[in-house]
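Fold and geometry: a report
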Amino acid sequence: MMCFNHPNRDAVVSCNQCGKGLCRDCTIELNGQNYCLNCFEGFVKYQKKLLFSLNWRIIFFIVFFIMGIIGAIIEFTQTENYVFENSNAIPNIIFFLIIGSIPIGFYYMRGTPDPYVPISYKSAGILMLGNLILKSILGPIFMIKAIYDYFKIKKAKTQNELLIKKLKEFSR
């Protein structure tokens with residue numbers, strides 16, 4: 001088999017995604033898998049889409065968390081003698097933290113199988129409410145993972161874009 005991009009060279013591997021024959025110069029190896037330039041560019045597009053998805057969820061969380069802190073400060077300053085025990089500052093922060101956590105909870109628990117089959121509208125509603133509560137509670141924990149994943153994916157995307165640029169320059 002000959003290389004798809006260089007018809008005068010023998011192919012040493014084939015792309016795991018599309019099956020094109022590739023010479024050593026055209027091969028991009030990622031986690032032991034070989035890809036052609038087109039398939040690898042598709043992978044980088046997916047990374048960009050994933051970053052966008054994580055980005056808006058992180059911003060949503062931060063906005064709601066800041067709203068909770070502002071609400072707590074307003075509540076605290078309006079309480080007589082600034083007595084912290086009598087204010088609703090902590091419940092404000094917790095409420096906005098939970099609301100801001102919902103999109104992250106849904107994102108990280110999106111593929112979780114549900115072992116229960118509702119047999120009535122009431123049980124379906126209870127199941128949905130339970131899922132919402134679980135995702136809200138686990139949301140702040142998932143937020144830490146989301147921020148870690150965001151920076152990890154961003155770094156990998158940048159490296160992959162540089163690799164694509166080098167390969168395009170080399171193939172000219």
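Just above sits the structure.
Calculation rules
Residues numbered from 1 in each chain as written. Predicted model: local features only at pLDDT ≥ 70, side-chain atom pairs only at ≥ 80, totals over all residues. Heavy atoms only, no water. Phe/Tyr/Trp six-rings, centres within 6.5 Å; stacked < 30°, edge-to-face > 60°. Buried < 20%, exposed > 50% of the residue type's maximum accessible area, 1.4 Å probe, protein only. Lys NZ or Arg CZ within 6 Å of the ring centre and 35° of its normal. Helix = DSSP H or I, 4+ residues; strand = E, 2+ residues; numbered from the N terminus. Contact = heavy atoms within 4.5 Å. Core = buried A, V, L, I, M, F, W, Y, C linked by side-chain atoms within 4.5 Å.

Quick look at the packing of aromatic side chains now. Applying the stated criterion across every chain yields a total of 9 aromatic pairs. Where Phe95 meets Phe96, the ring centres are 5.3 Å apart and the plane angle is 80 degrees; that geometry is what we call edge-to-face. Looking at Phe95, the relative accessible area reads 47%, which means it is partly exposed. Owing to a relative accessible area of 17%, Phe96 belongs among the buried residues under this scheme. Clustering of aromatic rings is evident, with ring pairs tying together Trp56, Phe60, Phe64, Phe95 and Phe96. Above the ring of Phe4, the side-chain terminus of Lys20 is found at 4.3 Å from the ring centroid.

Right, let's get into the environment of Val44. By secondary structure assignment, the location of Val44 is in helix 1 (residues 37-78). Every residue in contact with Val44, bar those within four places of it in the chain, is listed here: Lys157, Asn160, Glu161 and Ile164.

This part takes up the side chain of Lys135. When you line up the elements, Lys135 lands in helix 3 (residues 121-171). With a relative accessible area of 12%, Lys135 lands in the buried category. Not counting chain neighbours up to four residues away, the residues in contact with Lys135 comprise Ser101, Gly105, Phe106 and Met109.

A word on the nonpolar core. Counting residues in hydrophobic clusters, the biggest one holds 15 residues, and the most contacted among them are Cys15, Leu22 and Phe40. With 4 residues, helix 1 is the largest single contributor of residues to this core. Leu22 has contacts with Cys3, Asn5, Ala11, Val12, Val13, Cys15, Thr27, Tyr35 and Cys36, leaving out every residue within four places of it along the chain. The next biggest cluster of nonpolar side chains, apart from the first, holds 14 residues, and it includes Leu50, Leu51, Leu54 and Ile153.

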